[in-house]
Amino acid sequence: MSVLHKLFRSLRGVFQKRAIDQAMDDEMRSHIEMQTRDNLAAGMSPEEAATVACRQFGRVEAIKESCRDQRLTSWLENLARDVAFAFRQLGKNPGFTAVAVISLALGIAANSTIFSFVNTLLLSPPPVGEPNELWQIWRLNAKPASELKRYQVWSRREIAYLREHNQLFTGIGAFEFEPQFTTWNRNGTGESVQSLLVSGNFFDLCLIKPALGRFFQPSEDRTPGTHPVVVVSYGFWQRQLAADAHAIGQTLMINGTSLTVIGVAPKEFRGLVAGISPDLWVPFMMAPSVLRDADWLTRIDSHSVAGLGRLKPGVEMAQGTAELTLLTRRFEEEIHGPDLQDGAILTPSLMVPVLLRGFVRAFTGTLMGAVFLVLLIACANAANLQLARAVTRRQEMAVRSALGAKRGRLIRQLLTESVVLAALGGGLGLLISLGLTRLAGHLVPATLPIRLAVDLDWRVLSFTAVVSAITGILFGLAPALRGTRMDVADTLKDESRGTAAGRSRLAGILIAGQMALCLVLLLSAGLCLRSLLKASAFNPGFEVKERITAGFNLGDFGYSTAQAREFYTRLTERVRGLPGVQSAALASFLPLGTEHSNGIFQLEGEKPPGGESGVSFHQFGAGPGYFVTMGTKVLQGREFQETDREGTPRVVIINEEAARRYWPGRNPLGRRIYIGDVRTENAAEIVGIVQTGRYQTLGEDPIPVFYECFDQIDRSRATLVAHVRGNSQLGLAAIRRVTLELDPRLALIGATTLEQHLSLALFPVRTSSLLLGVLGLVALVLAVSGLFGVVAYSVSQRTREFGIRLALGAQRHDVLRLVLGQGLRLAAWGIVAGLFGAVGASHLLRNLLFGVGPLDPATFLAVPPLLLAVAWLACLIPALRASSLPPMTALRRE
């Protein structure tokens, strides 16, 4: 028989199933009738002849099933029947179905939610054409201080050199790694927008098409300031330009520079770095005009752009890397001499750059481990429910087995029911996950310029489907094996109780496992919560309550140094005069934010340690009244004063750690720090010492810091901080009004309270505390409900035993103690096992903890008794029910 003929017969079997079954029935009936006639001819009575003919032919239904199994489409038909039967069974038990589906949905939703972020951050390629052929180009540090500093960004001149001299790339471009906060003058009022500087061939390398208009042309990125053009994002076009089809050709006033809109990026394109979703793309050649920085294009020491390139056909990655490394060293040799050994490296273009992937992997890996534990607890819950159902369906399984069903067929049916349950849980879990991903976006601090869009794509759907299927098999296999292992005769006579006893043992093991996993999650959440409390109560070296802050960038509008000083003087005077403002001051930027500044300096009369070129300081600019406003203690000397201005001797203030490290046992007041070369005009006198705080992260070791007087340095950018009484939002609104009165073009940058500003430093520990806390709570509900179900089922199975005990003189408190002891033993075994797992898991959280060790005694002493107490409450209800049952009623139930 040809393959086509077999295929035709299979398709005919699908569409003519009823006719084929009828033909098979007719053929079997014909065989039996022929055998009956033969038996009549042999002298048998009609009844005996028919009976013997049926016996000789065999079991009709078994033969039918065997014939159906020979069809090529039999597996599909059997699957459809199994699924239909599974839905009927689940519909007959709505309570069981609802509990099981909700339990599984919670576990699957947690996994799908975290995987959605993993997919967005680590798995999804950038939304460009031919993403596998687009490479990111990084400067490779030959001697990094840490792995985090191994991959570095480039200067604009370095990228231009690589583009002009390479032979193996079809094109090399670049984009600024972090967007610029620029000011859009909209109807006379400043509004802050995110702008990203890119090379003229950026969109060509991305191989995407505009939603409207066009992208940059090569000629528009060759000469500075000659082509004031801009491409806007799809979201900006919809929100700010009202999706105007005639937006092309409109003019946007950005930082006082007129830019013509030439195109709208496609809807799905938000950039090449996850979380960075700029409003505008501006060509490099417009940077000097937009940023008011004439040297931006030619500056060598400013590294801020990431490289991008596509190799020519047939060129391998290693060849491209070797060429770029050679060109990098050649460029460095021309600029700095032949000593540097830095190179270049190509990495696949991914939404999380290679220099950040290690941290993201560690954080998401920890969360994936936590949600996997929740899924295991949900599986154990569903398995216990299935075990209970398996006991009630023993006779059904026995009857089906007596009618000829093989054990494998019964197991397949039960597994189908489990997978259907898991599929329903997966569907509900996916809906829950959609809501959770939107809520998770609100965890990002307002001070962090991240716009992370988590989309539902085929990877998330596939992951949810696979997890649902595996979950169904995982929790359904043991009950299926247990429920189909029986003695058919004894089961039909209802004389066997072995299955119920076996179910209790397996259920007890599952409950102990649930409690163990629950303890691991609760201890992890407890550690993070303790860490959050410690961090929130920790003194960072300044006060956060009743403080507000706002940033300004006068350089965006071409303010000269003198004009900037005059503006800031008027601003601080006006703000200090506002109702409720106790004090106000200026700074270059605030500690524990996104900005940092480090430098190497010379100390008067001191030689640099270990042959170094100088000593390292973390530096800030601070104006008069800054330390009073921030609540930072001045330990020695004085604060900056109004008399410390341009033209007067330069002064600095250091922190206590700098004094301890560089002048141990001596008084540093009156000594000098040389900012740059050891020359008189570069000298600054130390006039004060302030308390040491935290400047980059809350968990950092003490670092030396010095503060320059803000009025003695050239600062076009500044941060205002004010100490206010009363409503902080009213204070921020008042500062906005003052700013508009002084210059309506300006937009406040990061206007917020210091408590919100501190949320950035608290972000890792706060996020981990919240997520693990929610997961721990879900795990607790699942584990406790599972324990309650097992104890309640055990009570129902032991009703006769309790009746006999009570009839023979046992007291009700004896029964109560017996039932509670059973449940608490299971919980105790699980808690003991969970302690060992928690010790290992807690060390994985070490980098997320602040002020708390991974084996914090308070947490490890508090959480297990708390879990045991909750388990006691879960066992109390069925225990009270068992102890209050009248003896005669209990005996009659049997």
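**Some details on the nonpolar core**
For soluble globular proteins, the rule of thumb is that nonpolar side chains tend to be buried together.
For step 1, the next point in the chain: Among the nonpolar cores identified, the biggest contains 66 residues, and Met515, Cys518, Leu521, Leu787, Val819 and Leu867 are the most heavily contacted of them.
For step 2, the next point in the chain: Elements that contribute at least two residues to this core include exactly helix 6 (94-123), helix 12 (354-392), helix 17 (498-537), helix 22 (754-797), helix 23 (799-807), helix 24 (812-844) and helix 25 (857-883).
For step 3, the next point in the chain: At 13 residues, helix 17 tops the list of elements feeding residues into this core.
For step 4, the next point in the chain: Grouped together as the second largest cluster of nonpolar side chains are 42 residues, Ile137, Trp237, Leu291 and Ala344 included.

**Quick word on the packing of aromatic side chains**
For step 1, the next point in the chain: Following the criterion strictly, the structure yields 31 aromatic pairs and no others.
For step 2, the next point in the chain: Following the ring pairs from residue to residue traces out a cluster consisting of Phe175, Phe202, Phe203, Phe215, Phe216, Phe269 and Trp281.

**So, the environment of isoleucine 548**
For step 1, the next point in the chain: Locating isoleucine 548 in the fold gives a position in strand 13 (residues 547-553).
For step 2, the next point in the chain: Counting along the chain gives 209 residues from isoleucine 548 to histidine 757, while the straight-line C-alpha distance between them is 9.0 Å.
For step 3, the next point in the chain: Apart from residues lying up to four places away in sequence, isoleucine 548 is in contact with Leu720, Val721, Ala722, Val724, Ser728, Gly731, Leu732, Ile735, Thr752, Thr753 and Leu754.

**What about a nonpolar patch on the surface?**
For step 1, the next point in the chain: Taken together, Ile102, Leu106, Leu428 and Leu431 make up a surface patch of nonpolar side chains, about 340 Å² in accessible area.
For step 2, the next point in the chain: For the nonpolar patch, the secondary structure elements donating two or more residues are helix 6 and helix 14 (407-440).

**A word on the confidence of the model for the protein chain**
For step 1, the next point in the chain: Confidence along the protein chain averages 83 in pLDDT terms, with 88% of residues attaining 70 or more.
For step 2, the next point in the chain: Predicted confidence in the protein chain is weakest over helix 1 (residues 3-15), with a mean pLDDT of 51, and strongest over strand 7 (residues 229-232), with 96.
For step 3, the next point in the chain: Ignoring residues within four places in sequence, the model shows residues 495-500, a span with pLDDT below 50, making 10 contacts including any to other chains.

**Thoughts on unusual backbone geometry**
For step 1, the next point in the chain: Although it is not a glycine, alanine 242 sits at a positive phi angle of roughly 55 degrees.
For step 2, the next point in the chain: Structurally, alanine 242 is set in the loop between helix 9 (234-239) and strand 8 (251-254).
For step 3, the next point in the chain: Residue classification places alanine 242 among the exposed positions, given a relative accessible area of 63%.
For step 4, the next point in the chain: Although it is not a glycine, arginine 292 adopts a positive phi angle of roughly 55 degrees.
For step 5, the next point in the chain: Along the chain, the position of arginine 292 falls in the loop between helix 10 (287-290) and strand 11 (305-311).

**With respect to the pairing of strand 7**
For step 1, the next point in the chain: Burial along strand 7 is two-sided: the face carrying Val229 and Val231 and the face carrying Val230 and Val232 are both buried.
For step 2, the next point in the chain: Strand direction decides the pairing type here: strand 7 and strand 9 (residues 257-264), joined by four bridges, are parallel. Within strand 9, the position partnered with valine 229 by the bridge is threonine 260.
For step 3, the next point in the chain: Note that strand 7 and strand 10 (residues 280-283) share two bridges and pair antiparallel. Note that in strand 10 the partner of valine 232 across the bridge is leucine 280.

**Digging into empty space enclosed by the protein**
For step 1, the next point in the chain: Going through the model one piece at a time under the given rule, you end up with four cavities of 30 Å³ or more.
For step 2, the next point in the chain: If you add up the space inside the largest cavity, you get close to 110 Å³.
For step 3, the next point in the chain: Lining the largest cavity are 12 residues, and of these Gln386, Ala390, Arg393, Leu414 and Pro479 sit closest to its centre.
For step 4, the next point in the chain: Of all the elements in the fold, those that place two or more residues in the lining of the largest cavity are helix 12, helix 14 and helix 15 (458-483).
For step 5, the next point in the chain: Ranked by residue count, the leading element in the lining of the largest cavity is helix 15, at four residues.
For step 6, the next point in the chain: Of the residues belonging to the lining of the largest cavity, the class tally is five nonpolar, four polar and three charged.
For step 7, the next point in the chain: What lines the second largest cavity is a set of 13 residues, among which Gly541, Phe542, Thr632, Tyr695 and Tyr707 lie closest to the centre.
For step 8, the next point in the chain: Taken together, the residues of the lining of the second largest cavity sort by class into seven nonpolar, five polar and one charged.

Scoring rules and cut-offs
Residues numbered from 1 in each chain as written. Predicted model: local features only at pLDDT ≥ 70, side-chain atom pairs only at ≥ 80, totals over all residues. Heavy atoms only, no water. Core = buried A, V, L, I, M, F, W, Y, C linked by side-chain atoms within 4.5 Å. Buried < 20%, exposed > 50% of the residue type's maximum accessible area, 1.4 Å probe, protein only. Helix = DSSP H or I, 4+ residues; strand = E, 2+ residues; numbered from the N terminus. Phe/Tyr/Trp six-rings, centres within 6.5 Å; stacked < 30°, edge-to-face > 60°. Contact = heavy atoms within 4.5 Å. Patch = residues over 30% accessible without salt bridge, like charges linked within 9 Å, V, L, I, M, F, W, Y side chains within 5 Å. Areas by Shrake-Rupley, 256 points an atom, 1.4 Å probe, with all protein chains shown as cover. Salt bridge = Lys/Arg side-chain N within 4 Å of Asp/Glu carboxyl O. pLDDT = per-residue confidence, 0-100. Pairing = 2+ DSSP bridges. 1 Å grid on protein atoms, 1.4 Å probe; cavity = no way out; pocket = protein on both sides within 12 Å on 5 of 7 lines; lining within 4 Å. Points joined across faces, edges and corners; volume = space filled by probe spheres on them. Nonpolar A, V, L, I, M, F, W, Y, C, P; charged D, E, K, R; others polar.

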